[in-house]
Amino acid sequence: MTNPDADFLKYQAATSPYPLGMKVSFAKGSYIYDDKNKAYLDFVAGVSACTLGHQHPKVTQALKDQLDKYAHVMVYGEYEQSPAVEFCKLLAQNLPAPLTKTYLVNSGTEAIEGALKLAKRVTGRTELISCHNAYHGNTMGSMSVMGFEERKQAFRPLLPDVNFITFNNLADLEKITTRTAGVILESIQGGAGFITPENDYLKKVKQRCEQVGSLLILDEIQPGFGRTGKLFGFQNYDMVPDILVMGKGMGGGMPVGAFTAKPEYMDLLSHSPKLGHITTFGGHPVIAAGCLATLQELVTTDLMAQALEKETLFRKLLVHPLIKEIRGKGLMLAAMTESDDITNQIILKCQDKGLILFWLLFEGKAVRITPPLTITEEEIEKGCEIMLEVMNEIMGVGY
């Protein structure tokens, strides 16, 4: 594994004590190349962000074409800018009613902030309910609905009147009451270990919200944009949220987020008070052009259907004594080992051999497998072969 450059450690703020430190030279397709021109097969896709891989020609061309016209011209919502309008229109055409109006922002966590504010604005209530082990971002509001106290304690006080339930626990739904403004869930719990909903859980949460007049906010920042075989994960579960939050994969590798709801809700952000949510760079025309190109590619090809076929291949190939189960759906998968140490060894040794894997936020036993949707079967076979080779080596040295 490469050692981080001294300037990288000296001048750029860190997020962990031991960054992986690869010095990136360029990236293309399913590969990232370091400064020595070593190729690394990417099974992470920028943590689910590079939906169409690296330097996808249609996304890259869309960005270049828009740069030749104009970049930032005015704060969000004042000028009509074609890339943003066309993206929101195409998104609405591919979402179930009444999800037709979208607010574009700069990241997933900012979209969460907007969604929480919208739930309070619509209902006039204050209580928010999230799940234990949930992750929705790292700003103060989104951290308030994070269900992992170890990551929150140093930054308290956070938002008041936030309570927690357990994902897939139906008895906990009684905690959603007429005091509740919004319930926020991930359609698949990401940081907790790629835990999928069971027993019509999402549908039953929505029914409970309807009973008490609360709004259901679904965080699709990771599962969204084709990763689970549908445009959004909730479409696998026969229900529709009140507010849909997205980010990561929507920009084809560009920084972006958004939240969508019915027009009657979204219009409330424009008055009483006006500027109920505001952003300078949200809907940036260059970013929106990347979003539009990504969405067009997803809805005009069979990449989303392929995600399920590629899941089957991963599950077929990744059979090994060190893998206890594979969680998730489509190309949002987590190979579970029996210990944090084994997971660490797999990830680090695979990078040495030219395969990029990564961790999940809260579940130390999970090996993240979230490659670009464009990954080929041959590339899947190659990466899985490296994983199996590494796991055999781990077992051979005293497991």
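Structural notes, computed from the coordinates. (Residues numbered from 1 in each chain as written. Predicted model: local features only at pLDDT ≥ 70, side-chain atom pairs only at ≥ 80, totals over all residues. Heavy atoms only, no water.)

## Observations concerning the side chain of H320
Inspection of the secondary structure assignment puts H320 in the loop between α10 (303-317) and β11 (325-329). Note on H320: relative accessible area 9%, which makes it buried. Among the polar contacts listed, one links the side chain of H320 to the backbone nitrogen of L322, at a separation of 3.0 Å. Setting aside residues no more than four positions away along its own chain, H320 makes contact with L388, M391, N392 and M395. (Helix = DSSP H or I, 4+ residues; strand = E, 2+ residues; numbered from the N terminus. Buried < 20%, exposed > 50% of the residue type's maximum accessible area, 1.4 Å probe, protein only. Polar contact = N/O pair within 3.5 Å; in protein donor to acceptor, adjacent residues only side chain to side chain. Contact = heavy atoms within 4.5 Å.)

## Structural notes on the pairing of strand β2 (residues 31-34)
In the case of a regular strand, side chains alternate between the two sheet surfaces. Neither face of β2 is left uncovered, since the one carrying Y31 and Y33 and the one carrying I32 and D34 both have all their residues buried. Summarising the sheet, strand β1 (residues 24-28) and β2 pair through four bridges and their orientation is antiparallel. For A27, the partnering residue across the bridge sits in β2 and is I32. Counting the residues in the hairpin turn of β1 and β2 gives two residues, including G29, whose phi is positive at 65 degrees. (Pairing = 2+ DSSP bridges.)

## Considerations on the packing of aromatic side chains
By the definition in use, this model includes eleven aromatic pairs. Relative to W359, the ring of F358 has its centre 5.3 Å away and its plane inclined at 70 degrees; by these criteria the two rings are edge-to-face. Look at F358 and you get partly exposed, because its relative accessible area is 30%. W359 sits in the partly exposed class, given a relative accessible area of 24%. One aromatic cluster is present, built from ring pairs that chain together F26, Y31 and Y33. (Phe/Tyr/Trp six-rings, centres within 6.5 Å; stacked < 30°, edge-to-face > 60°.)

## Let's talk about the pattern of salt bridges
Applying the stated criterion across every chain yields a total of 15 salt bridges. When the shortest N-O distance is used, the salt bridge between R156 and E149 registers 2.9 Å. Judged by its relative accessible area of 39%, R156 falls in the partly exposed class. E149 gets classed as partly exposed once you look at its relative accessible area, which sits at 35%. Between E174 and R208 there is a salt bridge, with its nearest N and O atoms 3.9 Å apart. Residue E174 is located in the loop between β6 (162-165) and β7 (180-186), and its partner R208 is located in helix α7 (residues 201-212); the two are separated by 34 residues in the primary sequence. The class of R208 is buried, set by a relative accessible area of 15%. When salt bridges with common partners are traced through the structure, they connect E127, D161 and R179 into a single cluster. (Salt bridge = Lys/Arg side-chain N within 4 Å of Asp/Glu carboxyl O.)

## Quick notes on the sheet that holds β11
Taken in spatial order, the three strands line up as β11-β12-β14 in an open sheet, and their pairing is antiparallel. Because the sheet does not close on itself, it has two edges, and the strands there are β11 and β14 (366-369). Averaged over all pairs of adjacent strands, the angle between their axes in this sheet comes to 20 degrees, without regard to strand direction. As paired strands, β11 and strand β12 (residues 332-336) are joined by five bridges and run antiparallel to one another. The partner of I326 across the bridge, within β12, is A335. (Axes fitted to C-alpha atoms, helices over the stretch in contact; angles between N-to-C directions.)

## Topic: the environment of S339
Locating S339 in the fold gives a position in the loop between β12 and α11 (340-352). Residue classification places S339 among the partly exposed residues on the basis of a relative accessible area of 21%. Excluding its chain neighbours within four sequence positions, the residues that come into contact with S339 are G364 and K365. In this structure the side chain of S339 is engaged in a polar contact, spanning 3.1 Å, whose partner is the backbone nitrogen of I342.

## Thoughts on the side chain of D172
Residue position: D172 is located in the loop between β6 and β7. Contact partners of D172, with chain neighbours within four places excluded, come to I165 and T166.

## What to know about the environment of E149
With respect to the helices and strands, the residue E149 is situated in the loop between α6 (140-144) and β6. Along the primary structure E149 and N133 are separated by 16 residues, whereas in three dimensions their C-alpha atoms are 8.8 Å apart. In terms of polar contacts, E149 uses its side chain to reach the side chain of R156, at 2.9 Å.

## Considerations on the sheet that holds β2
If you walk across this open sheet you meet the four strands as β1-β2-β3-β13, and the pairing is mixed. The open sheet terminates on both sides in strands that have one partner only, identified here as β1 and β13 (355-356). In terms of strand pairing, strand β3 (residues 39-42) meets β13 through two bridges, oriented parallel. Within β13, the residue paired with D42 across the bridge is I356.

## Let's talk about the packing of helix α4 (residues 82-93) against helix α9 (residues 285-300)
Look at α4 against α9: their axes get within 8 Å of each other, and the N-to-C directions meet at 30 degrees. Overall, the two elements α4 and α9 adopt an arrangement that is roughly parallel. Crossing handedness for the pair α4 and α9: left-handed. Along the contact surface, α4 presents P83, A84, E86, F87, L90 and L91, while α9 presents P285, A288, A289, C291, L292, L295, Q296 and V299. Taken together, the residues of the contact of α4 with α9 break down into twelve nonpolar, one polar and one charged. (Parallel < 35°, antiparallel > 145°, perpendicular 65-115°, else oblique. Left-handed = near helix turned anticlockwise from the far one by under 90°. Nonpolar A, V, L, I, M, F, W, Y, C, P; charged D, E, K, R; others polar.)

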